[in-house]
Amino acid sequence: MTLLALLFCSSAAGNPGRGSGEAPAPEVILQGASSGPLGERAGYLLEQGTPQDLAAAQRALKQGAFQRQERTAAGFGIASPPVWMHLALVNPSDRPLTYQLLLGQPWLDQLDVRLVRAGQLKQHWRSGDMVPGAQFLLPAMGYVFPVELMPGRTELFVRAQTAESFLLPVSLLTAEDFERTSRGFRYRYGVFYGFLLAFIFYNLILFAGLWERSHLYYALYVLSFMALSLVYTGHGFRWWWSGQVGFQQYALFAAMVLYACAGLLFAVRFLQLDQLTPRVSMSIRRLSLLALAAMALFITARQLYAAVYLAYGLFTVFTLAMVVLGVFAYRRARSRGIYFLPAVLCSMLGLGIGLLTAFGLLASNVWTTSAVEIGLILEAVLLSLALGNHMRNQSRARQKAEHLARIDSLTGLLNRRAFLADAAPLWSTAVRHGRPMSVLLLDIDFFKQVNDQFGHDSGDRILQDMAKLLLGNCREGDILARWGGEEFVLLLPETGLGQATALGERIRRDVEGRRILADWLGMPLTVSLGAAQLQAENSLSDLVCAADGRLYEAKRGGRNQIVPPVLEPVSA
């Protein structure tokens with residue numbers, strides 16, 4: 001799915017000693033410029049049995065045992081035996097030519113490089129993961145050796161060994177080209193790691209603020225890839241643990257397993273597989289825990305090749321599983337899969353381009369060599385968009401739920417809890433500044449009889465019409481709510497008892513005059529009201545209780561009235 005997948009590419013290269021032909025490798029004629037990839041010009045030999053020395057390799061060369069691979073970068077699979085490479089370099093000029101020999105990949109365990117002239121060893125360098133100090137290692141590029149080629153023919157013998165995926169690119173670069181290339185790699189990975197760090201911290205901040213575990217799992221997923229990349233590119237060995245060859249030997253495989261497990265667990269959480277398919281979710285979690293435990297066991301027991309096959313096997317499962325989960329999510333949870341599936345496919349496309357470039361089937365340029373990183377960046381962007389969309393959906397759902405929790409579903413008015421919450425600041429202001437405030441409490445007369453005689457549907461229509469009528473009588477700043485059953489409450493800021501009573505009387509007359517549903521009910525509808533003004537009450541609830549007491553007086557006094565009664569004429 002990411003840069004890690006490039007590790008697996010050489011496992012498909014087949015038997016390293018079976019090239020495309022028996023012809024000896026052609027000489028490389030040097031003209032003082034950079035050579036480009038030389039893999040097709042080299043001969044290769046797999047060691048069989050005991051390790052071979054330079055003399056044995058020279059004899060094998062004379063016997064025609066070295067064979068060619070028609071690839072710009074030779075591949076030898078995983079857990080390959082040691083490989084010998086031979087190049088015949090010819091300097092046709094009369095002066096020495098100096099180059100930077102760029103060789104191998106940063107994860108090679110052992111690398112012995114020899115320059116031979118006229119059958120005699122002239123220079124010998126030794127490096128690799130298993131050699132403390134990380135000498136000659138240039139992170140992300142490979143191993144770099146300064147060579148001086150005298151006029152005439154010089155033979156390059158390289159013995160390389162690794163338990164990882166085995167790629168052996170080779171090229172000769174001039175000082176200018178080498179500096180330009182290395183600077184480009186530094187800038188490229190500086191931006192790349194900066195991008196990953198930004199995504200990690202961004203999602204950690206979102207997790208801390210929202211407490212949504214998808215962001216935490218995604219941050220761990222990106223962090224595990226970054227750790228893997230630091231191991232894979234050689235940055236970690238070069239910068240931090242160059243003396244810990246034992247750690248470096250297993251670091252890549254442990255990082256592969258951590259990355260795969262983090263990706264699977266993120267997918268489980270993000271796609272909500274616990275709800276969609278609990279069995280699959282549980283199987284993925286168990287597989288992840290088992291893989292982590294097995295890797296820890298293999299490292300403890302120093303079982304290198306068991307760790308190799310576990311890492312590559314799990315990564316294969318991880319790659320396939322992410323694609324399958326992406327398709328599943330697109331079909332079952334479209335709002336999530338619409339981002340997740342393209343993200344997975346972007347990283348796979350980047351991987352495919354990287355593979356084709358590694359095998360020489362695509363030209364090597366800044367785009368093809370960066371395809372895997374570009375794929376990962378697109379994957380990260382799309383997954384972040386998916387997380388952002390998920391966060392927006394959750395926010396909308398939460399707002400909708402909060403809104404529904406405040407609203408009476410039948411009338412569309414505030415419910416009692418929302419009324420008390422919205423009225424609390426107005427109450428505090430009125431008490432603190434000594435401002436007038438009143439409450440009207442309204443009850444529909446004989447409402448139970450209406451329900452019993454004509455059914456609850458009729459009762460619901462009455463309540464809805466009453467809500468519309470009351471809204472039409474409210475002023476800006478008033479708070480209207482359904483208090484419960486057939487009761488409604490109206491808070492009137494900056495309103496004395498006389499004004500509140502007058503408003504209540506207008507409402508009573510409006511209800512009686514409109515004859516709500518009287519045409520088919522055969523009876524008029526009336527209301528009783530109680531009014532109260534803030535005086536010595538200790539709370540808003542006390543004020544509502546005072547209005548409720550007045551409402552009880554109105555009902556006891558014959559209904560269809562307001563208490564206290566209107567003291568002055570009420571305008572129509």
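Residues numbered from 1 in each chain as written. Predicted model: local features only at pLDDT ≥ 70, side-chain atom pairs only at ≥ 80, totals over all residues. Heavy atoms only, no water.

S.K.: Mind showing me how you'd approach the overall build of the chain here?
M.R.: Counting its secondary structure elements, the chain contains 16 helices and 17 strands. Relative to its 572 residues, the chain shows a buried fraction of 50%. Sequence-distant contacts in the chain: of pairs separated by 6 or more residues, those separated by 24 or more amount to 76%. Carbon and sulfur atoms provide 57% of the accessible area of the chain, an area that totals close to 26,400 Å². (Helix = DSSP H or I, 4+ residues; strand = E, 2+ residues; numbered from the N terminus. Buried < 20%, exposed > 50% of the residue type's maximum accessible area, 1.4 Å probe, protein only. Contact = heavy atoms within 4.5 Å. Areas by Shrake-Rupley, 256 points an atom, 1.4 Å probe, with all protein chains shown as cover.)

S.K.: Can you walk me through the packing of aromatic side chains in this structure?
M.R.: Remark: the centre distance and the inter-plane angle together describe each pair of aromatic rings, the angle taken between the planes. Overall, the coordinates contain 25 aromatic pairs when judged by the stated rule. Taking 6.0 Å as the distance between ring centres and 85° as the angle between the ring planes, the aromatic pair formed by Phe-192 and Phe-225 counts as edge-to-face. With Phe-192 in helix H2 (residues 175-210) and Phe-225 in helix H3 (residues 213-232), this residue pair connects regions lying 33 residues apart in the sequence. For the pair Phe-192 and Phe-225, a shared accessibility class is recorded, and that class is buried. (Phe/Tyr/Trp six-rings, centres within 6.5 Å; stacked < 30°, edge-to-face > 60°.)

S.K.: What am I meant to see in the pairing of strand S7 (residues 110-117) here?
M.R.: In regular strands, side chains alternate between the two faces of the sheet. Of all 8 residues in S7, 6 are buried; the element is thus mostly enclosed. When S7 meets strand S11 (residues 152-161), the two strands line up antiparallel, connected through 7 bridges. Within S11, the residue paired with Leu-111 across the bridge is Ala-160. The antiparallel hairpin formed by S7 and strand S8 (residues 120-127) contains 2 residues in its connecting segment, where Ala-118 sits at a positive phi of about 55°. (Pairing = 2+ DSSP bridges.)

S.K.: Just checking my understanding: could you explain the pattern of salt bridges for this structure?
M.R.: Charged atoms that come close allow side chains of opposite charge to pair. Counted according to the given criterion, the structure contains 16 salt bridges. In this structure, Arg-186 engages Glu-179 in a salt bridge whose closest nitrogen and oxygen atoms are separated by 3.4 Å. The exposure class of Arg-186 is partly exposed, given its relative accessible area of 47%. Residue Glu-494 pairs with Arg-435 through a salt bridge whose shortest N-O separation is 2.8 Å. Taken together, the positions of Glu-494 in the loop between strand S15 (487-493) and helix H14 (497-514) and Arg-435 in the loop between helix H11 (416-433) and strand S13 (437-444) put the pair 59 residues apart, joining distant regions of the chain. The class of Arg-435 is partly exposed, set by a relative accessible area of 40%. The network of salt bridges with shared partners includes Glu-27, Arg-153 and Glu-155. (Salt bridge = Lys/Arg side-chain N within 4 Å of Asp/Glu carboxyl O.)

S.K.: Could you clarify how one ought to interpret the nonpolar core in this entry?
M.R.: In this structure, Phe-253 and Phe-340 are the most contacted members of the largest nonpolar core, which totals 100 residues. For this core, the element with the highest residue contribution is helix H5 (residues 245-270), accounting for 17 residues. Counting 25 residues, the second-largest nonpolar core is a separate cluster that includes Leu-413, Leu-440, Ala-467 and Val-511. (Core = buried A, V, L, I, M, F, W, Y, C linked by side-chain atoms within 4.5 Å.)

S.K.: Is there a simple way to explain the environment of Trp-240 in this structure?
M.R.: Here Trp-240 is to be found in the loop between helix H4 (235-239) and H5. Classification of Trp-240 by relative accessible area gives exposed; the value is 56%. What Trp-240 contacts, discounting residues up to four positions off in sequence, is Leu-230 and His-235.

S.K.: So what exactly am I meant to see when it comes to the sheet that holds strand S16 (residues 527-533) here?
M.R.: Consider a sheet: its strands pair through backbone hydrogen bonds, and that pairing is either parallel or antiparallel. Read across the sheet, 5 strands follow the order S14-S15-S13-S16-S17 without closing on themselves; strand pairing throughout is mixed. Each of the sheet's edge strands pairs with one partner strand only, and the pair in question is strand S14 (479-484) and strand S17 (562-563). Here 7 bridges tie S13 to S15, and the two strands are oriented antiparallel to one another. By the bridge assignment for S15, Asp-443 is matched with Glu-487. In the packing of helix H16 (residues 540-556) onto the sheet, the strands contacted are S13, S14, S15, S16 and S17, and the crossing angle to S16 comes to about 140°. (Axes fitted to C-alpha atoms, helices over the stretch in contact; angles between N-to-C directions.)

Without other data, these values stay purely geometric and don't point to any function.
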